[in-house]
Amino acid sequence: MIKFLDLQAITAKYQDEISEAVGRVVQSGWYLQGKANADFEADYARFIGSDYCVGCANGLDALILIFRAYLELGYLQPGDEVLVPANTFIASVLAITENNLKPVLVEPDPETLQIDETRMEAAITPRTKALCLVHLYGRNAYTQAIAALCEQHHLLLVEDNAQAHGCRCGELRTGALGHASGHSFYPGKNLGALGDGGAVTTNDKALADTIRALANYGSQAKYVFKYAGRNSRLDEIQAAALQVKLRHLEEDNAHRQAIAAYYYEHLNHPCLRLPRRLPDAENVYHLFPIFLQTKAQRDSLQAYLTAQGVQTLIHYPIPPHLQECYAKAPWNDYAAVAATAHSAAQPSQLSITEHLADTELSLPISPVMSIQDAQIIVELINHWH
Ligand SMILES: *Cc1c(COP(=O)(O)O)cnc(C)c1O
């Protein structure tokens, strides 16, 4: 059987180093806000190319804290509009709605799967104050055109770098391209902890200080509370494990890229469409999405691969605007249009996103998967009827 993601093998690869680092924390008696956290923050900031890194409990919190800090600092007001790709994982949208900001869902380019800059420009109104740029599937989504639009319309550029740790963009890396970036260290991410973890990176000292306070009950000095904050910390055990795994991230990403290159070179079934690669958009392949022509075809290929012992997943089967949690959200007129679209033969506002959700299939890819496994998967798919 070929697993979608073999976390046991991923940890086993560096188990001695991880066990030693975690053991030191266990032995130290100091479990929060200590040396491991400070050291990891410094290492990760240097790696990403940002001046500041603040560890926190998970990736969703990292994004929530960024928007909350911009509200506290007066850069954003409740009700302000934030552009976000419609085909993202729901956490990007939750971070916006959690802060009483208004998500404006923008369709992706179906070839690259990243936010479509032409549609992004069309969605900008006088109330648009920020862009949440998601480097989806591990691919850099930042372009000069997006940077220019943000500049021209004075938009805060918040990156969601949960899926693209280590991805390069010129001299910089994703996570250092905008005003602030949220990172997730969920175990399955390219840089994954042994539990939950997250971080914010930024070059803005006031923002970093505000986020550090907000994540610590709103406190800057012990027992003095400037904000009604929350508790969101990266614990010492996770920070110690992450420090070890960060040292191997580039090697792990290179392996993902080798698997992806194999897939690109050898997958040739006529019903498949692979995302278009562009020389100036690096990809660290958090996921390897392929697209079929119809939902029935996708479901049939998935069932066939499951029967052959190959695990696959769908990222993501239901887009945020069609989720129950947002069914009655005042900003969500996308859902109503989607519901009437079929009967009225009128295209849904987010038809690209809906079609991608219906036809996407993610193939196994990881730093521990062998080329032989990729070969087996390719053979199976290319011979599928
Ligand atoms: C995983 C993920 C998050 C959330 O991270 P958690 O650590 O699981 O809270 C946010 N955005 C995207 C795009 C993700 O893939």
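Our structure's up above, just so we're on the same page.
Sequence order as written defines the numbering, with residues in each chain counted from 1. Reporting of local features is limited, given that this is a predicted model, to residues whose pLDDT is at least 70; pairs of side-chain atoms are given and counted only at 80 or more, and all residues count toward the totals for whole chains, interfaces and linings. Heavy atoms from the whole structure form the basis of all side-chain values; hydrogens and water molecules are not counted.

Undergrad: Residues and numbers for the pattern of salt bridges, please.
TA: A pair is scored as a salt bridge if a Lys or Arg side-chain nitrogen falls within 4 Å of a carboxyl oxygen belonging to Asp or Glu. Applying the stated criterion across every chain yields a total of 17 salt bridges. Between Asp43 and Arg46 there is a salt bridge; the shortest N-O distance is 3.6 Å. Note that Asp43 and Arg46 are positioned in helix H3 (residues 35-48) at a spacing of three residues, about one turn of the helix. Look at Arg46 and you get exposed, because its relative accessible area is 60%. Three or more residues joined by partner-sharing salt bridges are found here, namely Arg168, Arg173 and Glu250. The helix and strand labels rest on DSSP assignments: H or I over at least four residues marks a helix, E over at least two residues marks a strand, and numbering proceeds from the N terminus. A simple rule labels every residue: compare its accessible area, found with a 1.4 Å probe on the protein chains alone, to the largest value its type can have, and call it buried under 20%, exposed over 50%, or partly exposed in between.

Undergrad: Report on empty space enclosed by the protein, specifying residues and quantitative values.
TA: The definitions used throughout rest on a 1 Å grid laid over the protein atoms alone, on which a cavity is an enclosed set of points accommodating a 1.4 Å probe that cannot get out and a pocket is an open set flanked by protein within 12 Å on both sides along at least five of seven lines; lining residues are those having an atom within 4 Å of a point. Grid points are joined across faces, edges and corners, and a volume is the space filled by probe spheres set on the points. For the structure on display, the rule yields five cavities of 30 Å³ or more. Its volume calculated, the largest cavity comes out at about 90 Å³. Forming the walls of the largest cavity are 13 residues, and the residues nearest its centre are Asn87, His315, Tyr316, Thr353 and Ala357. Among the elements that take part in the lining of the largest cavity, helix H13 (residues 351-359) stands out by supplying three residues, more than any other. All amino acids are sorted into three groups, where Ala, Val, Leu, Ile, Met, Phe, Trp, Tyr, Cys and Pro are nonpolar, Asp, Glu, Lys and Arg are charged, and the leftover types, Gly among them, are polar. Considering only residue class, the lining of the largest cavity consists of eight nonpolar, four polar and one charged. In this structure, the second largest cavity occupies an estimated 70 Å³ of space. Taken together, 13 residues line the second largest cavity, and the ones lying closest to its centre are Tyr264, Pro275, Asn283, Tyr285 and Pro289. Considering only residue class, the lining of the second largest cavity consists of nine nonpolar, three polar and one charged.

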